[in-house]
Structures are given as structure tokens and as C-alpha cells.
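# Understanding the architecture of this molecule
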Amino acid sequence: MKTEREMIEEFMKEFENHKPVRSIIKKSKERTEQERTRQTQKLKEALQNNVPFGYYKTKDGDEIKVDPHQAEYLRIKAELYVMGLHEHEIKAIYREMSVPNVSTDGYDLSEHRESIIERGKQLLQERLAEEEQAQE
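Residues numbered from 1 in each chain as written. Predicted model: local features only at pLDDT ≥ 70, side-chain atom pairs only at ≥ 80, totals over all residues. Heavy atoms only, no water.

Now for the pattern of salt bridges. The final tally for this structure, using the stated rule, is 12 salt bridges. One salt bridge connects Glu 33 with Arg 36, and the closest N-O pair in it is separated by 2.9 Å. Of this pair, Glu 33 and Arg 36 both sit in helix α2 (residues 19-49), three residues apart, which is roughly one turn of that helix. We classify Arg 36 as partly exposed; its relative accessible area is 48%. The shortest N-O distance in the salt bridge between Glu 72 and Arg 113 comes to 3.2 Å. Remark: Arg 113 occurs in helix α5 (residues 113-135) and Glu 72 occurs in helix α3 (residues 68-83); sequence separation between them is 41 residues. Each member of the pair, Glu 72 as well as Arg 113, is classed as buried. (Salt bridge = Lys/Arg side-chain N within 4 Å of Asp/Glu carboxyl O. Helix = DSSP H or I, 4+ residues; strand = E, 2+ residues; numbered from the N terminus. Buried < 20%, exposed > 50% of the residue type's maximum accessible area, 1.4 Å probe, protein only.)

Time to look at a nonpolar patch on the surface. On the surface, Ile 8, Phe 11 and Met 12 cluster together to form a nonpolar patch covering roughly 270 Å² of accessible area. Here Phe 11 lies in helix α1 (residues 4-15). Here Phe 11 falls in the partly exposed class, since its relative accessible area comes to 44%. (Patch = residues over 30% accessible without salt bridge, like charges linked within 9 Å, V, L, I, M, F, W, Y side chains within 5 Å. Areas by Shrake-Rupley, 256 points an atom, 1.4 Å probe, with all protein chains shown as cover.)

Right, let's talk about the packing of aromatic side chains for a bit. In this structure the tally under the stated criterion is one aromatic pair. Relative to Tyr 94, the ring of Tyr 73 lies with its centre 4.6 Å away and its plane at 40°, an arrangement referred to as tilted. Of the two residues, Tyr 73 is situated in helix α3 and Tyr 94 in helix α4 (residues 87-96); the sequence distance between them amounts to 21 residues. Residue classification places Tyr 73 among the buried positions, given a relative accessible area of 17%. What makes Tyr 94 buried here is its relative accessible area of 6%. (Phe/Tyr/Trp six-rings, centres within 6.5 Å; stacked < 30°, edge-to-face > 60°.)

Here the focus is the packing of α4 against α5. The N-to-C vectors of α4 and α5 enclose an angle of 130°; their axes lie 10 Å apart at closest approach. Looking at the two axes, α4 sits oblique to α5. By crossing handedness, the relation of α4 to α5 is classed as right-handed. Seen from α4, the contacting residues are Glu 89, Ile 93, Tyr 94 and Glu 96; seen from α5, they are Ile 116, Arg 119, Gly 120, Leu 123 and Arg 127. For the contact of α4 with α5, the per-class residue count stands at four nonpolar, one polar and four charged. (Axes fitted to C-alpha atoms, helices over the stretch in contact; angles between N-to-C directions. Parallel < 35°, antiparallel > 145°, perpendicular 65-115°, else oblique. Left-handed = near helix turned anticlockwise from the far one by under 90°. Contact = heavy atoms within 4.5 Å. Nonpolar A, V, L, I, M, F, W, Y, C, P; charged D, E, K, R; others polar.)

Glancing now at α3. Between its first and last C-alpha, α3 extends 22 Å over 16 residues, near the 22 Å set by a 1.5 Å rise per residue. Taken together, the buried positions of α3 are occupied by Gln 70, Ala 71, Glu 72, Tyr 73, Ile 76 and Leu 80. The inward-facing, buried residues of α3 abut β1 (55-57), β2 (64-66), α4 and α5. Where α3 terminates, the next one or two residues include Gly 84, which has phi positive at roughly 120°. (Expected span 1.5 Å × (residues − 1).)

Of all hydrophobic cores here, the largest spans 13 residues; its most connected members are Ile 76, Leu 80, Leu 85, Tyr 94, Leu 109 and Ile 116. Sorting the residues of this core by element identifies α3, α4 and α5 as the ones contributing at least two each. Among the elements that take part in this core, α5 stands out by supplying four residues, more than any other. (Core = buried A, V, L, I, M, F, W, Y, C linked by side-chain atoms within 4.5 Å.)

These results come straight from atomic positions and should not be treated as a statement about function.
And the structure:
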């Protein structure tokens, strides 16, 4: 007994040269290509209107510049990550240190850089000690 897929493939082979079937297949391919083109265009437009976190567009929209507050947030986060901290640990440090939302204008995170990094080192040492104890 043939499977449903085999029956469909047999049907398609039998009718692939049938003019109305070819027309339906051609229209389907055209619609698929049109949809793919439309989705690609939407993605390109979205990328042109958005800028990566840590940057901003100037008022005239011609230039993309570094946002110093968001950039410092990212630098510290990257440094903590390179030290070996996990994403949830970094978020916990920011919460613990009462670091405001990164979009807060005028907040200078660099003032707290050393204490944030120091807390990151403490957390990392605590985690490594716990992992060491679990292995024993």
C-alpha cells in the first residue's frame, strides 16, 4: 500500500505536464517569490530606521553616534561577561547596585564602574567556590 506522500508524488508526476496544473504551480511560485521580496524589503526598512543599542541617530538622521551612557553600560556588561559571569548574574549585580534603566539620560554609570566590577569579582568567586564544593 502506498503512503499519502507517494500518492501525491505520483499524482504530481502524472499531471505535471497538464497545462492548468503547470499554471497553478507557476502562480504559486510567483506568489512565494513576491512574499519573499516583500519580507526582505520590510527587513531592510526596519534596519535603516533602527540603530544598535549604544548608539543614536542625530536629529537630521544623517549620522549615527555613540551614546556615552549606553556605551558605558555595554562596556561594563562586556567586561563582566569576559570575567566569566553569566547574563543573570550581571542583571543581578545591576539590580543590587540600583543601576537605573539604561535609557535614563544623564546617569553617569562610570562613577560606579569600580564597585560594579568589584561586586562581579565577588560573585564569580562565590560561584566558583560553590562549584568546587559540589565536585567534592
